[in-house]
Amino acid sequence: MSASLVGSEMCIRDREQTAFTVGGIESFKESAARNGKTPFTRVLQFAEITADEKVERRTGFKRGTKLYYIQRLRSLDGKPLILDHNYFLKELTDGITPEIAVNSIYEYLENVKGLTISTSKRTLTVERVTQIDEKYIDLKDYNCMAVISSQTFNDNGIQFEYTQSRHLSLIHI
């Protein structure tokens, strides 16, 4: 694995030299295009939920807030690499569907809803794999994954998204 700083952005690469931008705001679809890879997204779960105490602690969304919860499996060139757990503030992102989640939620939010995506606060950790990771990703002999947790805000400073992205591709050595 190699890491490099590009301006204020940090790129982490796997053996196959696919770079995911950690410091900037870039959709999976945009990242795949930049890397010359073919993206594929499969929606595993799609639900409208109300934040409870556990969701509030994890995401930063206040208890009682209406959210979309979306679990997506992301593949590049046919290889499942990323498991995303997304929470979107329904008030600002109303209209998201499973079909939109397969294509590009950010494209929908920016081009249809007129949302300006301003900034994202991210934390990168390495965590042991979960049963869900094992179910959807060929982990070979890996027992951990790189996990990027992010809170994303619009231009008014309102958090509209929390995502936990669990990456196999970031930890190849």
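Residues numbered from 1 in each chain as written. Predicted model: local features only at pLDDT ≥ 70, side-chain atom pairs only at ≥ 80, totals over all residues. Heavy atoms only, no water.

## With respect to the sheet that holds strand S8 (residues 144-154)
Then, number 1: If you walk across this open sheet you meet the six strands as S4-S5-S6-S9-S8-S7, and the pairing is antiparallel. Edge positions in the open sheet fall to strand S4 (39-50) and strand S7 (117-128), since each of these has one partner strand only. Along the sheet, successive strands turn relative to each other by an average axial angle of 15°, direction set aside.
Then, number 2: Two elements, S4 and strand S5 (residues 66-76), share eleven bridges in a ladder whose sense is antiparallel. Among the inter-strand pairings, proline 39 is bridged to a residue of S5, identified as leucine 76. (Pairing = 2+ DSSP bridges. Helix = DSSP H or I, 4+ residues; strand = E, 2+ residues; numbered from the N terminus. Axes fitted to C-alpha atoms, helices over the stretch in contact; angles between N-to-C directions.)

## Quick notes on unusual backbone geometry
Then, number 1: Here the phi dihedral of aspartate 77 falls at roughly 50°; this positive angle occurs in a residue that is not glycine.
Then, number 2: Within the secondary structure layout, aspartate 77 lies in the loop between S5 and strand S6 (79-89).
Then, number 3: Judged by relative accessible area, which is 46%, aspartate 77 ranks as partly exposed.
Then, number 4: One non-glycine residue with positive phi stands out, namely lysine 140, at about 50°. (Buried < 20%, exposed > 50% of the residue type's maximum accessible area, 1.4 Å probe, protein only.)

## Focus: the packing of aromatic side chains
Then, number 1: The full count for this structure, using the stated rule, is four aromatic pairs.
Then, number 2: With a centroid separation of 5.7 Å and 45° between ring planes, the pair formed by phenylalanine 46 and tyrosine 68 is classed as tilted. Placement of the pair is phenylalanine 46 in strand S4 and tyrosine 68 in strand S5, with a sequence separation of 22 residues.
Then, number 3: The partly exposed category is assigned to phenylalanine 46, whose relative accessible area is 27%.
Then, number 4: Each residue in the set Tyr69, Tyr87 and Tyr162 is aromatic and connected to the rest through ring pairs, giving one cluster. (Phe/Tyr/Trp six-rings, centres within 6.5 Å; stacked < 30°, edge-to-face > 60°.)

## Focus on the pattern of salt bridges
Then, number 1: Overall, the coordinates contain eight salt bridges when judged by the stated rule.
Then, number 2: Taking the shortest distance from any N to any O, the salt bridge between lysine 90 and glutamate 48 comes out at 2.7 Å. Of the two residues, lysine 90 is situated in helix H3 (residues 90-93) and glutamate 48 in strand S4; the sequence distance between them amounts to 42 residues.
Then, number 3: What makes lysine 90 partly exposed here is its relative accessible area of 23%.
Then, number 4: Glutamate 53 is the partner of arginine 57 in a salt bridge, and the nearest nitrogen-oxygen pair spans 3.0 Å. Linking arginine 57 with glutamate 53, this pair stays in helix H2 (residues 53-59), spanning four residues, or about one helical turn.
Then, number 5: Put simply, Glu127, Asp133 and Arg166 are held in one network by salt bridges that share partners. (Salt bridge = Lys/Arg side-chain N within 4 Å of Asp/Glu carboxyl O.)

## Thoughts on the nonpolar core
Then, number 1: Formed by 21 residues in total, the largest nonpolar core has its most connected members in Phe88, Ile105, Leu109 and Phe160.
Then, number 2: Counting nine residues, the second largest nonpolar core, distinct from the first, contains Leu83, Tyr136, Ile137 and Leu139. (Core = buried A, V, L, I, M, F, W, Y, C linked by side-chain atoms within 4.5 Å.)

## Quick look at the environment of glycine 78
Then, number 1: Following the sequence through the fold, glycine 78 ends up in the loop between S5 and S6.
Then, number 2: Taking the C-alpha atoms as reference, glycine 78 lies 9.6 Å from lysine 37; in sequence the two are 41 residues apart.

## Quick notes on the confidence of the model for the chain
Then, number 1: On average, residues of the chain score 84 in pLDDT, and 80% of them are at 70 or above.
Then, number 2: Within the chain, no element has a lower average pLDDT than strand S1 (residues 2-6), which sits at 32, and none a higher one than H3, at 98.
Then, number 3: Residue range residues 1-23 is modelled with pLDDT below 50. Its contacts to residues more than four positions away, or to other chains, number 62 contacts. (pLDDT = per-residue confidence, 0-100. Contact = heavy atoms within 4.5 Å.)

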